[in-house]
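Close look at the chain arrangement
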Amino acid sequence: MTVPAEVFPELSLAQRDRLTYRRGQARRSRLLAGSSTVVFLAVFGTVIVLSPGWERVQSQFFDLQVARDSLPAIAEGFWLNLRVLAFCAVLILVVGLGVAALRTLRGPVFAPLRFLAAAYTDIFRGFPLIVLLYLVGFGVPGLRLQGVPTSPVVLGGVALVLTYSAYVAEVFRAGIDTVHPSQRMAARSLGLTYGQSMRKVVLPQAVRRVTPPLLNDFVALQKDVGLISVLGAVDAVRAAQIEVARTYDFTPYLVAGLLFIALAVPTVRLADWVNARAARRQQAGGLT
Amino acid sequence: MSDDGSPPNTVPVLEAEGLVKRFGSQPVLSGIDFGVAEHEVVALIGASGSGKSTLLRCVSLLEELDDGTVRLDGDDITDPRADADRVRSRFGVVFQAFNLFPHLSVLENVTLAPRVVHGVSRAEAEDRARGLLDRVGLAAKATEYPDRLSGGQQQRVAIVRALANEPRMLLLDEVTSALDPELVGEVLRLVRELKDEGVTILMATHEMGFARQVADRVVFLDDGRLVEQGPPEVVLVDPRQARTRQFLARVIDAGRL
Ligand SMILES: Nc1ncnc2c1ncn2[C@@H]1O[C@H](COP(=O)(O)OP(=O)(O)OP(=O)(O)O)[C@@H](O)[C@H]1O
Ligand SMILES: [Mg+2]
């Protein structure tokens, strides 16, 4: 079945043949992918439903009544997660950018600052978040210093910011490194100071380039805000835990998990879209 | 600038004395003295790697000198107490690779320095920028981004961006070498117009024909030394120095004169 000449009258016969062939190939791949997915899901579902323990698992993890009853408490906890997420995300961007900028400073005067910034990123990228949460969450209140917050929410947020800023600083630094030195030279030649060149010329280009990896880090942060529950903050995970203890049913965990997924999906889609757009631009050779 | 044909000021616009620059242990400029007078167009010629770009970057304080003094209108700009950022804004530097800012529109490229460095209001800066763009025939491109322009258009925008700062003089570093042959003309025409308006220009160039037509003086650099300088009719046609003759012979072989 060749693409009819009426549809593409301007195309040569050879090009129409090629189009026809490609369309046939695409149709076959789609068919194959679709049918194999259906078969896989059917087999997977059957194995689970026919497993000896399915009845018990179903009542313990998929109890609609429990889900409905636990939802308000978990949703309230989730609202806390959202607020922590928003605060932390903004702080992480600011601290990360600041640390990255410090690492680009040149000259012997700034050597101590550069060293501190480098040490910070090295240490906190390597440090397990869960350990840091315990250290900050239980260690800082243990100091009993006047005026230092003891709330698990604040301290959990501090631990998240410390860890994630180190990652984000590295992302920003990589972005800054991709801006060609001639851009900085052009800016300086116009009389812009080091700081002005950074703010007006280097950082805007760097930030554009690192938006996709930053969004990935944001998705990871969305899940990790649930970790403040280990300090006792009543977030979605902790609220679910309380409900589980109350009902002897694991469904509340599933409810909390679904809420996190609902939050992540739009961000993941956005990240994909931004990535695809960046790739297209790269192909076009432009940057804008 | 001012009326043409007047005798050059007694104080040169630019004056370089004993410039020395090394990259690591490699000497790139080994004691260079020269000056550029008001309204004068000086062409820097020399083989690739002879130090032309380095010289331009050193006098405009984009590169730190290892020794020597540069004076702009008689002021020692290599004095560490001078405000280097201010000094840089008094030179209009145009690079071989244009170096336009890809994230800014043409208009934003041109108005950035007047606004950020000189505190000119947005409206005024844009007004002046549009005037300059109109002059070089690019008014219609004001809102485009650099990657949508041809090389020749980009280079003309780069020249306009340098002019928007109202510099004391222009430093042009091989502004046509990155261009396709058919685009070279439009940029050279603009440089010639600027000369006719009395703009003081120091330009590194491989375009010997253009240097001959436009330059008041040609300076030949070889291996970081100033070997010969003088009117183009002499340096480019009947040079005194053997090194200059060798260089020109190679250029003629390559079909560039
Ligand atoms: N940043 C740098 N670091 C190390 N060496 C450099 C640097 N910039 C220039 N050089 C060296 O200095 C010498 C002079 O370079 P320069 O770019 O000034 O030459 P040029 O005359 O402009 O050459 P071209 O005609 O190819 O542009 C070359 O040997 C070059 O390798
Ligand atoms: Mg050069």
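These numbers come from a predicted model, not from an experiment.

Thoughts on the pattern of salt bridges
Counted under the stated rule, the structure contains 23 salt bridges over all chains. Asp 272 of chain A serves as the salt-bridge partner of Arg 269 of chain A, at 2.7 Å between the closest nitrogen and oxygen. Taken as a pair, Arg 269 of chain A and Asp 272 of chain A lie in helix 10 (residues 251–284) at a separation of 3 residues, close to a single helical turn. Assessed through its relative accessible area of 40%, Asp 272 of chain A is described here as partly exposed. In this structure, the salt-bridge partner of Glu 124 of chain B is Arg 128 of chain B, at a minimum N-O distance of 3.8 Å. Here Arg 128 of chain B and Glu 124 of chain B lie together in helix 4 (residues 122–135), a separation of 4 residues that amounts to about one turn. Judged by its relative accessible area of 44%, Glu 124 of chain B is partly exposed.

Some remarks on the packing of aromatic side chains
Scanning the model with the defined rule gives 9 aromatic pairs over all chains in all. Here Phe 40 of chain A and Phe 44 of chain A contribute two aromatic rings whose centre-to-centre distance is 5.8 Å and whose plane-to-plane angle is 15°, an arrangement assigned as stacked. Residue Phe 40 of chain A and its partner Phe 44 of chain A are both found in helix 1 (residues 13–50); the two are separated by 4 residues, about one turn of the helix. Phe 40 of chain A sits in the exposed class, given a relative accessible area of 52%. A residue is classified by how much of its surface remains accessible, and Phe 44 of chain A, at 47% relative accessible area, is partly exposed. Ring centres 5.2 Å apart and planes at 90° place the aromatic pair Phe 78 of chain A and Phe 260 of chain A in the edge-to-face group. Taken as a pair, Phe 78 of chain A in helix 3 (residues 64–104) and Phe 260 of chain A in helix 10 lie far apart in primary sequence, 182 residues in all. In this pair, the class of Phe 78 of chain A matches that of Phe 260 of chain A, namely buried. One aromatic cluster in this structure is built from Phe 61, Phe 250 and Tyr 253 of chain A. Residue placement shows Arg 161 of chain B over the ring face of Phe 101 of chain B; its charged tip is 4.5 Å from the ring centre.

Details of the environment of Ala 75 of chain A
For Ala 75 of chain A, the location among the structural elements is in helix 3. The spatial distance from the C-alpha of Ala 75 of chain A to the C-alpha of Leu 259 of chain A is 8.0 Å, given a sequence separation of 184 residues.

Considering the side chain of Ser 189 of chain A
With respect to the helices, strands and loops of the structure, Ser 189 of chain A is situated in helix 7 (residues 181–189). Its relative accessible area of 3% is what places Ser 189 of chain A among the buried residues. For Ser 189 of chain A, the side chain forms a polar contact with the main-chain oxygen of Ala 186 of chain A, separated by 2.8 Å. Other than its neighbours up to four places away in sequence, Ser 189 of chain A contacts Leu 62, Arg 88, Ser 89, Phe 91, Val 93 and Phe 95 of chain B.

So, the environment of Gln 15 of chain A
All names here are of chain A. Along the chain, Gln 15 turns up in helix 1. A relative accessible area of 23% means that Gln 15 is categorised as partly exposed. A C-alpha to C-alpha distance of 56 Å links Gln 15 and Asn 81, two positions 66 residues apart in sequence.

Conventions adopted
- Along every chain, residues carry numbers that run from 1 in the direction the sequence is written.
- Following the order in which they are written, the chains are lettered starting with A and the ligands numbered starting with 1.
- At least 70 in pLDDT is required for a residue's local features to be given in this predicted model, at least 80 for side-chain atom pairs to be given and counted, and no such filter applies to totals for whole chains, interfaces and linings, which use all residues.
- Side-chain numbers come from the whole structure's heavy atoms, not from hydrogens or water.
- By definition here, a salt bridge exists when the distance from a side-chain nitrogen of Lys or Arg to a carboxyl oxygen of Asp or Glu is within 4 Å.
- Only DSSP runs of H or I with at least four residues qualify as helices, and only runs of E with at least two residues qualify as strands; both kinds are numbered from the N terminus onward.
- Classification of residues uses two cut-offs on accessible area relative to the type maximum, computed with a 1.4 Å probe and protein chains only: under 20% is buried, over 50% is exposed, and between them is partly exposed.
- Ring pairs are drawn from Phe, Tyr and Trp, using the six-membered ring of Trp, whenever the two centres fall within 6.5 Å, and their geometry is named by plane angle: stacked under 30 degrees, edge-to-face over 60, tilted for the rest.
- Charge-over-ring placement is defined geometrically: NZ (Lys) or CZ (Arg) within 6 Å of the ring centre, and within 35 degrees of the ring normal.
- Any N or O atom pair separated by 3.5 Å or less is treated as a polar contact, with the protein-specific requirement of one donor-capable and one acceptor-capable atom, and with residues adjacent in sequence counted only for side-chain atom pairs.
- Contact criterion: two residues are considered in contact whenever any of their non-hydrogen atoms come within 4.5 Å of each other.

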